[in-house]
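Summary of structural features
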Amino acid sequence: MKRAIEFRLNGQAVHVEARGGQTLLELLRQELGLNGVKEGCGAGECGACTVIVDGQALTSCIFPALEVEGASVTTIEGLAAPDGTLHPVQEAFVRNGAVQCGFCTPGQILSAKALLDLNPHPSEEQIRTALEGNLCRCTGYQQIIEAVKAAAEDQP
Amino acid sequence: MSLPSQVGLSLARRGGLERVTGACLFGVDLAQPGDLHLFALRAGSGPARIQRLDLAAARAYPGVVAVFTAADIPGINRVGIIAKVKDQPILAEGQTRYPGDAVALIAAESLTAARAAARLARLELEPLPAVSDPRQALLPGAPKVGEAGNLLWEARVRKGDPDGALARAAVVVTNTYTTSKAEHAAIEPEGGRAWWQDGLVVVRASTQNPHHDRHDLARLLGLPEEGVRVIQAETGGGFGGKLDLGLQGFLALAAWHLKRPVVMTYTREESLAATAKRHGLVMEYTSAADEQGRLLLCQAEIFGDSGVYASYGPAVCVRAAVHASGPYRVPHVEAHSRLVYTNNAWCGAMRGFGVPQVALAHEGQMDELAQRLGLDPLEMRIINALRPGDETATGQRLGRSAGLVQCLEALRPHYGQWRREAARSEGQYLRGVGLGAMFYGIGNTAMSNPASARLEMDAEGRLCLFTGAAELGQGSDTVLCQIAAETLGWPAQDVRLVRGDTARTLNAGATSASRQTFISGNAVQLAAQGLRGLLLEQAAALLGAPPQDIALDHGGARAAGKGLPLADLLRGLQERGVVVQAVGDYDPPTTPLDPASGQGVPYPTYAFAAQAALVEVDADSGLTRVPQVAAAHDVGRAMNPRAVEAQIKGGVVMGLGYALMEEYTPRCSNLHQYHIPTIADAPRIVPIIVESDDEAGPFGAKGVGEPALIPTAPAVAGGLAQALGRRLFDQPFSLERIMAALMEGRKTERQKDEAGS
Ligand code: FES
Ligand code: FES
């Protein structure tokens, strides 16, 4: 079953056909060509596929595509300003060495952004809780925590 | 304007920008419209004889373009990273050895069609006798798994007079340690794309070893090596799991037959079911010391299961024996290590090649000996630490770069403070502080393992480094450019890089064994010296000064008050028709090990490290946390301190997972059964860099990738032993095992109370 859906993707209105049973991850990667959203497990376990839907960070690999009808979706491609200026969280990840292989990075950054949008000055515990679903096998996480703290400090 | 030293600078990681914007395409991101999708039909059970494999319905499924079996492989259907034991068919021939074996490869217009077609394949398997216990695999009459018998490999190290030493010892400790299999769990699963271009099969995939891939792919396809080009895709972590030739074989086979672009990715399930694991080992140790705590003896019997294929098993087997007695002066050593084929999931390289396993044993023994002698575990290690000029168990004399004592001393303040805190702890939380120390030989064991690199400078003075060294996230791109830049006096950020492409870069060997900073680093340095030589020669001619009196950097050359802009220098070379490029080749000096005694020089140098961990156990629930770890690493010299610290932190957390939670079984179908640490588990880590200026390393550097992980689990084990009042000998130290130890402890206490009342 296919259905036409309409939603906002990185600030732009999109109209696309989605299938029942299709995940948001599949829709974004296969139909819309957004490769910044990664698949690490396909089972809601690793967070590599994190996107923000209506302000909430969620794992797109288990989120039905049809449910984004009318919603506002942000992926890693939508974070930097049109002129290429990085979002403060992106900037902080680069500056704090929070990126190693980088495969988990888009998901980490989006979880961090969703947190900071809601809670601009989180405690370390709150950062750990918000990012608990984003696995990283490379960094040991400490630099990620530092990056989120640094991004928080940069905020007004 | 003079440039600051380009090594020792914490330059930002190359490629960081693409990774935070989502622009970076990894091996799993390469699909393009019109590509064919590949899907491997796996046996699902085994060992078994293939009675029938009827693929007619699968072939007829709409969208299916081709279905391949072993019969379609034009060359040799055996791959393997170690030349002597290439034993793995990429598609089964008549029989399967274990459930993960692939029996057919389907190429279709969509992945959905390929999967649907796979379900239509009629595969009838007749079970064959299996052997899953490695001890039984060695018994006469055991089902034969290895093509040349079930003993895959055996290694011995023997030094001094072990029997005599036992008789003279003041304390002797005998224990058996076990470890389980572990999964690499790089967050990017395996993925890649292949196509046919200008008469070549081109494969672009996640890999740690592009040149080896080309070799095995050419063999598989019956082509000369020049018939295959392998390009390393941006790779989302490896940890040893992307050393084996995995889906590259499928990609190349399909692209060669179909002359069309094909893509393939493993799902996490497939990655867990069908790729290599870390070896689980059983390690029986007897260790002895004199009254002053000086080690006299280490006897180690190491035995492990390789599963159905050899992969890097021989390297793990030998390395485990060579490192069995740990980073200590031990005059009498007897280590015997064996790996055996079984019908279990196969094992290969994983960050540390057997050393994380033996470190659990040799460090457990150090703690137990210290306890028996009434010595502090830190003092016990300092007394015995290998120092410059000492001899290792293989009789190798260490050079000046052996900084274990400095590492241990650097831990002292943290260790002391945590010990005091732990001693004060009472009530619900049981605390302990443990130590782990290690040494790790840089590069492959006792064999040639060269790397080459090339540098080129264009007419504008732009420097480009060509290296085959695979970047996996650890930072070799950045560090190798820093080494080139420093040698030449160029800014590292301006160095351009071509990496991991068999058509454009020379063989650098595998990114494994913590070897690229040291071995490729030396090759890059040699190339840079060669290029510098060309520039100096030209400058000498133009300035009329001898080369040794000339100062040269990216600004140009100067001698005796005269300056020569770089542009003039390069123009001069161009006019003479000189191509400004140079190649560096480096092969670390090693000697083969004597087969009976294991004596020899297996590595050019060793990394040393020590870590301390504070461990906290909730006495009611058994829940265990490691809030703090201090990690001191002798890296020779840190080329990029922040990158070194990043390796240390990542290694500690991987080591923590190994200690507390990671255990692969065939039931682990995804990451909810195979747990790896989350941000909530991550300790506060204090990385401490110790520099000892290695004689042979580029600018004194060694390696750190694997050493980062090795001491962590032993340190956690020590902390747990203190917290629980008893040592756990079986890794992982899971909640169940910790609970059992707590219950045991309560029982003993009750018995004591009862006896006392
Ligand atoms: S891919 Fe979605 S959580 Fe792992
Ligand atoms: S940076 Fe590699 S998984 Fe996080």
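What you see is a predicted model; the values in this text were computed from it and never measured.

Rules used in this analysis
Residues numbered from 1 in each chain as written. Chains lettered and ligands numbered in written order. Predicted model: local features only at pLDDT ≥ 70, side-chain atom pairs only at ≥ 80, totals over all residues. Heavy atoms only, no water. Helix = DSSP H or I, 4+ residues; strand = E, 2+ residues; numbered from the N terminus. Rg over C-alpha atoms; globule rule 2.2 N^0.38 Å. Buried < 20%, exposed > 50% of the residue type's maximum accessible area, 1.4 Å probe, protein only. Lys, Arg positive; Asp, Glu negative; His and termini not counted. Charge placed at Lys NZ, Arg CZ, Asp CG, Glu CD. Contact = heavy atoms within 4.5 Å. Domains from an automatic or database assignment. Buried area = accessible area lost by both parts, 1.4 Å probe. Salt bridge = Lys/Arg side-chain N within 4 Å of Asp/Glu carboxyl O. Pairing = 2+ DSSP bridges. Core = buried A, V, L, I, M, F, W, Y, C linked by side-chain atoms within 4.5 Å. Axes fitted to C-alpha atoms, helices over the stretch in contact; angles between N-to-C directions. Parallel < 35°, antiparallel > 145°, perpendicular 65-115°, else oblique. Left-handed = near helix turned anticlockwise from the far one by under 90°. Phe/Tyr/Trp six-rings, centres within 6.5 Å; stacked < 30°, edge-to-face > 60°. Polar contact = N/O pair within 3.5 Å; in protein donor to acceptor, adjacent residues only side chain to side chain.

Our focus in this paragraph is the overall build of chain B. For chain B, the helix and strand inventory stands at 18 helices and 26 strands. The globule rule puts the C-alpha radius of gyration for 757 residues at 27 Å, and the 27 Å found for chain B is close to it. Overall size of chain B, expressed as C-alpha extent along the three principal axes, is 95 × 80 × 50 Å. Split into buried and exposed, the 757 residues of chain B put 63% on the buried side. Across chain B, the centroid of the 72 positively charged side chains sits 1 Å from that of the 79 negatively charged ones.

Take the overall build of chain A next. Per the secondary structure count, chain A includes five helices and five strands. Taken from N to C terminus, the helices and strands of chain A fall in the order β-β-α-β-β-β-α-α-α-α. Here the C-alpha atoms of chain A give a radius of gyration of 15 Å, agreeing with the 15 Å that 2.2 N^0.38 yields for 156 residues. Judged by the C-alpha coordinates and their principal axes, chain A covers about 45 × 30 × 25 Å. Looking at chain A alone, contacts between residues at least 24 apart form 55% of all its contacts between residues at least 6 apart.

Residue and element names in this part refer to chain A. The domain architecture assigned to chain A consists of domain 1 (2–78) and domain 2 (88–153). Computed from C-alpha coordinates alone, the two centres of domain 1 and domain 2 are separated by 21 Å. Taken together, the contacts link 16 residues of domain 1 with 13 residues of domain 2. When the two sides are added together, the surface that domain 1 and domain 2 hide from each other amounts to roughly 1,100 Å², 68% of it contributed by carbon and sulfur. Together, T50, I52 and I76 form the three largest contributors to the area buried by domain 1 at its contact with domain 2, with a combined 41%.

We note that the domain assignment places domain 1 (16–22 + 450–586), domain 2 (36–128 + 184–274) and domain 3 (129–182 + 277–384) within chain B. Taking only C-alpha atoms into account, the centre of domain 1 of chain B sits 43 Å from that of domain 3 of chain B.

Taken together, the contact pairs 49 residues of chain B with 44 residues of chain A. Approximately 3,600 Å² of surface area, both sides summed, lies buried where chain B meets chain A, with 58% of it carried by carbon and sulfur atoms. A per-residue breakdown of the area chain B buries against chain A is headed by V20, I187 and I679 of chain B, which together make up 23% of the total. Seen at the junction of chain B and chain A, the total is four salt bridges. A salt bridge links E662 of chain B to R137 of chain A, with the shortest nitrogen-to-oxygen separation between them at 2.8 Å.

On to the environment of A335 of chain B, then. Among the secondary structure elements, A335 of chain B is positioned in strand β15 (residues 332–341). Ignoring any residue separated from it by four or fewer positions in sequence, one finds A335 of chain B in contact with A155, R156, V157, A300, A321 and A324 of chain B.

On to the sheet that holds strand β4 (residues 95–96) of chain B, then. Residue and element names in this part refer to chain B. Ordered by their spatial adjacency, three strands build an open sheet running β4-β2-β6, and the pairing between neighbours is antiparallel. Looking at the sheet topology across the chains shown, the edges are occupied by β4 and β6 (122–127). Of the strand pairs in this sheet, strand β2 (residues 48–54) and β6 are connected by six bridges, and their pairing is antiparallel. Residue pairing in the sheet places R49 in a bridge with E126 of β6.

Okay, the pairing of strand β8 (residues 171–178) of chain B next. Residues and elements named next belong to chain B. Covered by surrounding structure in β8 are V171, V173, N175 and Y177 only, the residues V172, T174, T176 and T178 on the alternate face being uncovered. Relative to strand β13 (residues 281–289), β8 is paired through eight bridges, and the arrangement is antiparallel. Residue T176 lies in a different strand from β13, and its bridge partner there is E284.

Membership of the largest hydrophobic core comes to 226 residues, with the highest contact counts inside it found for F93 of chain A together with L535 and L720 of chain B. Per-element tally for this core: the top contributor is helix α14 (residues 516–543) of chain B, with 12 residues. Dropping the residues within four chain positions of it, L720 of chain B is found in contact with V615, V617, T624, L660, G725, R726, L728, F733 and I738 of chain B. By size, the runner-up hydrophobic cluster in this structure holds 34 residues, among which are V201, L220, L221 and A252 of chain B.

This brings us to the pattern of salt bridges. Overall, the coordinates contain 54 salt bridges over all chains when judged by the stated rule. Ionic pairing is found between E124 of chain A and R684 of chain B, a salt bridge with its closest N-O pair at 3.3 Å. One end of the pair, E124 of chain A, is in helix α4 (residues 124–130); the other, R684 of chain B, is in strand β26 (residues 684–690), on a second chain. Taking the shortest distance from any N to any O, the salt bridge between E537 of chain B and R576 of chain B comes out at 3.8 Å.

Before going further, it helps to examine the packing of helix α2 (residues 88–95) of chain A against helix α3 (residues 105–118) of chain A. Residue and element names in this part refer to chain A. Relative to each other, α2 and α3 sit at 130°, their axes nearing to 9 Å. As far as their axial angle goes, α3 and α2 are oblique. Note that α2 runs across α3; the crossing there is right-handed. Only T105, Q108, I109, A112, K113 and L116 of α3 make contact with α2, whose side of the interface consists of V89, Q90 and F93.

In this description, a pair of aromatic rings is defined by centroid distance and the angle of the planes. Under the definition given, this model contains 10 aromatic pairs over all chains. Ring geometry for F103 of chain A versus F26 of chain B: centroids 5.1 Å apart, planes at 85°, classification edge-to-face. Residue F103 of chain A is located in the loop between α2 and α3, and its partner F26 of chain B is located in the loop between α1 (16–21) and β1 (36–42); the two belong to separate chains. Neither F103 of chain A nor F26 of chain B differs from the other in exposure class; each is buried. Ring centres of Y177 of chain B and F729 of chain B lie 5.2 Å apart, and the angle between their planes is 65°; this geometry places the pair in the edge-to-face category. In this pair, Y177 of chain B is assigned in strand β8 and F729 of chain B in the loop between α17 (712–724) and α18 (735–756), connecting sequence segments 552 residues apart.

On to the sheet that holds strand β20 (residues 551–553) of chain B. Residue and element names in this part refer to chain B. Taking strand neighbours across the sheet as the criterion, the three strands line up as β20-β21-β22 in an open arrangement whose pairing is antiparallel. Edge positions in the open sheet fall to β20 and β22 (562–565), since each of these has one partner strand only. Averaged over all pairs of adjacent strands, the angle between their axes in this sheet comes to 10°, without regard to strand direction. Across four bridges, the pairing between strand β21 (residues 556–559) and β22 is antiparallel. In the sheet register, A557 faces β22, and the bridge partner there is L564. Set on the sheet, α14 makes contact with β20, β21 and β22; between it and β22 the angle comes to about 125°. Against the sheet, helix α15 (residues 566–575) contacts β20, β21 and β22, and its axis sits at roughly 65° relative to β22.

Before going further, it helps to spend a moment on the side chain of D305 of chain B. Residues and elements named next belong to chain B. Checked against the element boundaries, D305 lands in strand β14 (residues 295–307). When its relative accessible area of 7% is taken as the criterion, D305 is described as buried. Side chain to side chain, D305 and N344 meet in a polar contact 2.7 Å long. Discounting chain neighbours no more than four positions away, the residues touching D305 are S132, P134, K181, H279, G280, L339, V340, T342, N344 and C347.

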